[in-house]
Amino acid sequence: MPADVWAMTIGGYPVLKKWLSYREFKVLGRALSLEEMTYFTEIVHWLKALLLLGDVLDANYRAAAARTLEV
């Protein structure tokens, strides 16, 4: 698990830790399914991609914001 992905927060919440907290054995009364484990892996990949694209996304946002019209 990449440390930067594990530490990633959205809206102040740690994304992966929060996702897992809703799927704890004591909450669901069962272990994670293979489908849930696969989905968790996909979430990790998506978050890592966002982190890697962060500078490009920020630059695109700044460029788009600079071309807006004042209303």
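Keep in mind it's a predicted model, so treat the numbers as computed, not measured.

Student: I'd love a proper account of the overall build of the chain, names of residues and values included.
Tutor: In terms of regular secondary structure, the chain is built from 4 helices and 2 strands. Taken from the N to the C terminus, the helices and strands of the chain come in the order α-β-β-α-α-α. At 17 Å, the chain has a C-alpha radius of gyration far larger than the 11 Å of a compact globule built from 71 residues. Seen along its three principal axes, the alpha-carbon backbone of the chain occupies a region of about 55 × 25 × 20 Å. In the chain, which comprises 71 residues, the proportion classed as buried is 15%. Within the chain, counting contacts between residues at least 6 apart in sequence, those at least 24 apart form 46% of the total. In the form shown here, the chain has an accessible surface area of approximately 5800 Å², with 64% of it arising from carbon and sulfur atoms. One finds the centroid of the 8 positive side-chain charges in the chain at a distance of 5 Å from the centroid of its 8 negative side-chain charges.

Student: I'd like to hear about the nonpolar core, residue by residue, with values.
Tutor: Looking at soluble globular proteins, one finds that nonpolar side chains tend to be buried together. One finds V5, M8, V15, L16, W19, F40, I43, V44 and L47 forming the largest nonpolar core, which totals 9 residues. Secondary-structure elements contributing two or more residues to this core are helix 2 (15-21) and helix 4 (34-66). Sort the elements by how many residues they give to this core and helix 4 lands first, with 4 residues. When neighbours within four sequence positions are excluded, M8 is seen to be in contact with Y13, P14, V15, L47, L50 and L51.

Student: Hey, could you go over the packing of aromatic side chains for me, with residue numbers and the actual values?
Tutor: Under the counting rule described, the total for this entry stands at 3 aromatic pairs. Where Y39 meets W46, the ring centres are 5.8 Å apart and the plane angle is 80°; that geometry is what we call edge-to-face. The class for Y39 is partly exposed, based on a relative accessible area of 39%. The rings of W19, Y39, F40 and W46 are connected pair by pair, giving a single aromatic cluster.

Student: Report on the pattern of salt bridges, specifying residues and quantitative values.
Tutor: What the rule picks out here adds up to 3 salt bridges. The shortest N-O distance in the salt bridge between R30 and E36 comes to 2.9 Å. Classification of E36 by relative accessible area gives buried; the value is 15%.

Student: I'd love a proper account of the environment of T68, names of residues and values included.
Tutor: Position of T68 relative to the elements: it lies in the segment after helix 4. Residue classification places T68 among the exposed residues on the basis of a relative accessible area of 52%. For the pair T68 and W19, spaced 49 residues apart in sequence, the C-alpha separation works out to 36 Å. A distance of 2.9 Å separates the side chain of T68 from the backbone oxygen of A65, its partner in a polar contact.

Student: Explain a nonpolar patch on the surface to me, and be specific about the residues and the numbers.
Tutor: Residues L50, L53, V56 and L57 make up a contiguous nonpolar surface patch of about 330 Å² in total accessible area. Among the structural elements, L53 can be located in helix 4.

Rules used in this analysis
- Residues numbered from 1 in each chain as written.
- Predicted model: local features only at pLDDT ≥ 70, side-chain atom pairs only at ≥ 80, totals over all residues.
- Heavy atoms only, no water.
- Helix = DSSP H or I, 4+ residues; strand = E, 2+ residues; numbered from the N terminus.
- Rg over C-alpha atoms; globule rule 2.2 N^0.38 Å.
- Buried < 20%, exposed > 50% of the residue type's maximum accessible area, 1.4 Å probe, protein only.
- Contact = heavy atoms within 4.5 Å.
- Areas by Shrake-Rupley, 256 points an atom, 1.4 Å probe, with all protein chains shown as cover.
- Lys, Arg positive; Asp, Glu negative; His and termini not counted.
- Charge placed at Lys NZ, Arg CZ, Asp CG, Glu CD.
- Core = buried A, V, L, I, M, F, W, Y, C linked by side-chain atoms within 4.5 Å.
- Phe/Tyr/Trp six-rings, centres within 6.5 Å; stacked < 30°, edge-to-face > 60°.
- Salt bridge = Lys/Arg side-chain N within 4 Å of Asp/Glu carboxyl O.
- Polar contact = N/O pair within 3.5 Å; in protein donor to acceptor, adjacent residues only side chain to side chain.
- Patch = residues over 30% accessible without salt bridge, like charges linked within 9 Å, V, L, I, M, F, W, Y side chains within 5 Å.

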